[in-house]
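# Residue-level structure breakdown
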Amino acid sequence: MLPISVCMIVKNEEKRLPVCLDSLRPYGFEIVIVDTGSADKTKEVAARYTDKLFDFAWCGDFSTARNYSLRMASNPFIFMLDADEWVVSLDVEELQYFRKRLSAQVGVVTRQNFIGGQIGNTDPTERFFSRKHYHYEGRIHEQLRPLRGNDFPCLLTKTIIGHSGYDMTDAERAEKAKRNEEKAVKAADERRRAAVERAESEEYRRIHPLTEDEKAKNKAGYRTFLKEMCGLDLDK
C-alpha cells in the first residue's frame, strides 16, 4: 500500500461515489471518508471500499470538515478528492518522488470539468500535500494554506482528475447558489462579531492597562511555557 491517504468529505453521494472510488483501486491508497450527514446509502457504498469511515456533525464550515479528515488519516501525505471527481491518470513514481523529496511543496493536478459528457474546460487545483505543512481555511470556498508562514510553493504534476460537479440542472444550480449565499452571510456575520469583540477588548485594555504585577506574572508565565513546552530557558 502506498503511504498516501486519499481524504474526502461526502454527503448524499451514493450515485457518484462508486466512480470516484473505483478509479482509486489500482493505486493502493488509504481512503479516508468523512460523512457529514448523508440521508441516502452513501455510507453503505463507502464501506465497500474502506474501513476508515467517519461521521462528522455538519457545522456549516467546509474547512473544519476537511481538516477533520486530515486528522483521521494514517499518513502525513494527502491526496484530497471530492465525490464528484475521479482519477483519469496518475504517475505513481512521480508521487513517490514528490512525497519523499518535495513534501514541503503542494502538488497541483489538472482537473477536467465535464458538462454533458464532454470536457468543458480544465483548471489547475492543489490536491497533493503534507498535513504537517498545510491545512484548510475558509468556511465556504475553502483554501489550502500553510500552517506556518506564507510560503506556498506549488509543482504541477502529471495527475489528471475528472470532475462532474458543474454538470447540474438549472434547479440544482439555483439550490447550490442559495446554500452558498446563506453560508456567506453567516460567515460575514461571524467576522463582524469577531471584529467588534477585538475592538472592545483593545478599548478595555486601553482604559484598564495591566498593572506592573500583572505584567510580571504574564512574563513569568511565558518564560515557563517556553521552558516546559519548547525547551528554551531564557534565564541561561
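As a starting point, this report considers the structure included with it. (Residues numbered from 1 in each chain as written. Predicted model: local features only at pLDDT ≥ 70, side-chain atom pairs only at ≥ 80, totals over all residues. Heavy atoms only, no water.)

With respect to the secondary-structure elements, S38 resides in the loop between β2 (30-35) and α2 (42-47). Judged by relative accessible area, which is 19%, S38 ranks as buried. Within polar-contact distance, the side chain of S38 engages the backbone nitrogen of N12 at 2.7 Å. In contact with S38, other than residues within four places in its own chain, are V10, K11 and N12. (Helix = DSSP H or I, 4+ residues; strand = E, 2+ residues; numbered from the N terminus. Buried < 20%, exposed > 50% of the residue type's maximum accessible area, 1.4 Å probe, protein only. Polar contact = N/O pair within 3.5 Å; in protein donor to acceptor, adjacent residues only side chain to side chain. Contact = heavy atoms within 4.5 Å.)

Here we take up the side chain of T159. Position of T159 among the secondary structure elements: in strand β10 (residues 154-163). When sequence neighbours within four positions are dropped, the list of residues in contact with T159 reads S89, L90, D91, E94, L95, V109, T110 and F128.

To continue, consider the pattern of salt bridges. Overall, the coordinates contain 10 salt bridges when judged by the stated rule. With a closest N to O distance of 3.1 Å, R16 and E13 form a salt bridge. A salt bridge links R66 to D82; the shortest N-O distance between them is 2.8 Å. Here R66, found in helix α3 (residues 62-72), pairs with D82, found in the loop between β4 (77-80) and β5 (85-89); they are 16 residues apart in sequence, far enough to count as distant. Connected through salt bridges with shared partners, the residues E85, R111, D123 and R127 form a single ionic network. (Salt bridge = Lys/Arg side-chain N within 4 Å of Asp/Glu carboxyl O.)

This next bit is on the packing of aromatic side chains. Enumeration according to the criterion identifies 10 aromatic pairs in this entry. On the basis of an interplanar angle of 40° and a centroid distance of 5.3 Å, the ring pair of F56 and Y68 is categorised as tilted. Taken together, the positions of F56 in the loop between β3 (53-55) and α3 and Y68 in helix α3 put the pair 12 residues apart, joining distant regions of the chain. Each member of the pair, F56 together with Y68, is buried. Taking the centre distance of 4.9 Å and the plane angle of 70° together, the rings of W58 and F62 count as edge-to-face. Under the relative-accessibility criterion, W58 is labelled partly exposed at 32%. The structure contains a cluster of three or more aromatic residues connected by ring pairs, namely Y27, F29, F77, F79, F98 and F128. Over the ring of Y136 we find R66; its NZ or CZ atom is 5.8 Å from the centre of that ring. (Phe/Tyr/Trp six-rings, centres within 6.5 Å; stacked < 30°, edge-to-face > 60°. Lys NZ or Arg CZ within 6 Å of the ring centre and 35° of its normal.)

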